[in-house]
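# Chain and residue survey
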Amino acid sequence: MNRRQFIATAVCVIGWPVVGLAQRTGSVPRIGFLGLGKSEDWTDQIEALRLGLKRFGYHEGRNLLIEFRWAAAIAELDRFAEELSKLNVDIIIAPASTQVEPALRATRTIPIVFAQHADPVGIGHVASLAHPGGNVTGVSMVLTEMAAKGLEILVEAQPGKRVGVLWNLTTPTHARVLSVLEEAAKRKSIDLVGAPISTADDFNRAFDLMVNEKVASVLVPSSPITNARRRALAELGIKHRLPTMFANRANVEAGGLMSYGPNFNSMYRYVAFFVDKILKGEKPGDLPVEQASKYELVLNLATARLIGADLPSVLIARADEVIE
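Residues numbered from 1 in each chain as written. Predicted model: local features only at pLDDT ≥ 70, side-chain atom pairs only at ≥ 80, totals over all residues. Heavy atoms only, no water.

Now for the pattern of salt bridges. Taken as a whole and judged by the stated rule, the model has 18 salt bridges. Two residues, Lys 149 and Glu 152, come together in a salt bridge whose shortest N-O distance is 3.2 Å. You can see Lys 149 and its partner Glu 152 sitting in helix H5 (residues 143-157), three residues apart, about one turn around the helix. The exposure class assigned to Lys 149 is partly exposed, which follows from its relative accessible area of 32%. Two residues, Lys 294 and Asp 320, come together in a salt bridge whose shortest N-O distance is 2.8 Å. Residue Lys 294 is found in the loop between strand S11 (290-291) and strand S12 (296-300), and its partner Asp 320 is found in the loop between helix H13 (313-318) and strand S13 (321-323); the two are separated by 26 residues along the sequence. When sorted by exposure, Lys 294 lands in the same class as Asp 320, which is buried. In the salt-bridge network here, residues are joined through shared partners; they are Arg 30, Glu 67, Arg 69 and Glu 83. (Salt bridge = Lys/Arg side-chain N within 4 Å of Asp/Glu carboxyl O. Helix = DSSP H or I, 4+ residues; strand = E, 2+ residues; numbered from the N terminus. Buried < 20%, exposed > 50% of the residue type's maximum accessible area, 1.4 Å probe, protein only.)

What follows concerns the nonpolar core. With 67 residues, the main nonpolar core has Leu 53, Leu 151, Met 258, Val 271, Val 275 and Leu 311 as its most contacted residues. Listed in part, the 37 residues of the second largest apolar core include Ala 94, Val 136, Leu 233 and Val 289. (Core = buried A, V, L, I, M, F, W, Y, C linked by side-chain atoms within 4.5 Å.)

Moving on, we come to the sheet that holds strand S5 (residues 136-140). Taken in spatial order, the six strands make up an open sheet running S2-S1-S3-S4-S5-S11, and their pairing is parallel. At either margin of the open sheet sits one strand with a lone partner, and together these are strand S2 (65-71) and S11. Alignment of S5 against S11, held across two bridges, turns out to be parallel. The residue of S11 that forms the bridge with Ser 140 is Gln 291. Against the sheet, helix H2 (residues 43-55) contacts strand S1 (30-36), S2 and strand S3 (91-93), and its axis sits at roughly 165° relative to S2. Each of S1, S3, strand S4 (112-117), S5 and S11 touches helix H11 (residues 264-279); the most contacted strand, S4, lies at about 165° to it. (Pairing = 2+ DSSP bridges. Contact = heavy atoms within 4.5 Å. Axes fitted to C-alpha atoms, helices over the stretch in contact; angles between N-to-C directions.)

Quick look at the sheet that holds S12 now. Taken together, the seven strands give an open sheet; going across it, the order is S7-S6-S8-S9-S10-S12-S13, and neighbouring strands pair in mixed fashion. Of all strands in the sheet, those bounded by a partner on one side alone are strand S7 (191-197) and S13. Across the sheet, the mean angle separating the axes of adjacent strands is 20° when strand polarity is ignored. Alignment of S12 against S13, held across three bridges, turns out to be parallel. Paired with Leu 299 across the strands is Val 322, a residue of S13. Along the sheet, H5 makes contact with strand S6 (162-168), S7, strand S8 (217-219), strand S9 (244-246), strand S10 (258-261) and S12, crossing S10 at roughly 150°.

Written as structure tokens, this is what we have:
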């Protein structure tokens, strides 16, 4: 049940035009999309992107082409980024920091737009939110603060002094996230048990490690791998009866217990704003990074019953959405 609607600050301020396609001469513009994982794992986000583009008057296959490249593993991202660069696409959409890094290695001239970057300033992908500089801009979330808040909510839902953190060695922002989480945990006298992964093949090993360490719950910071392989993670949480906190509501829809984070589909829709501005001639370095201002708490009560988690009534009452 929806109690409050997520609206990103930028959408509130700027709004969505019905049309707005730049009057371009020459060939149809081409956008490159640097994906990680299987395309079917990103159906919702890609449809959200297409919806955003349509609202600006861009129709794929008619007046806009999208060159999708889906890497099966992190190691393939550099090759696909280089391929998009050699195609001389007008823009490369590199959703998160994991994809922005190889895109930047491939080109410093083609505009790069991100959709769910966790900390673009902190890891140096932009100079500042207001003045990105260079060839990168897009939509961001504050994953460091969001993860710390997620830890707080998780401990409220499942009290315990040992919390597992399933973090990704290949996600550039996760080292900073882990540092912030350690500081937050220290203030609350919580012991964190780090379970690093590099691919989805590491999920079982990571959960076995956390179970052996007798964690009371698990926090999963957002990354392309954990967002894409959400069903596998949900099943592991249920199998081991571990309350698990995610950043993406899609993980909860797949069977995870709870999530705290922005509406990812709204962020992907808003990428179209940057595409439109850049195709009309504006430089990415002059377009301020937009940040989600509203974060949703989503709970899955069906999963709570399966793992025997008795969620506090006050937590359920303040949730933005409860899946029965």
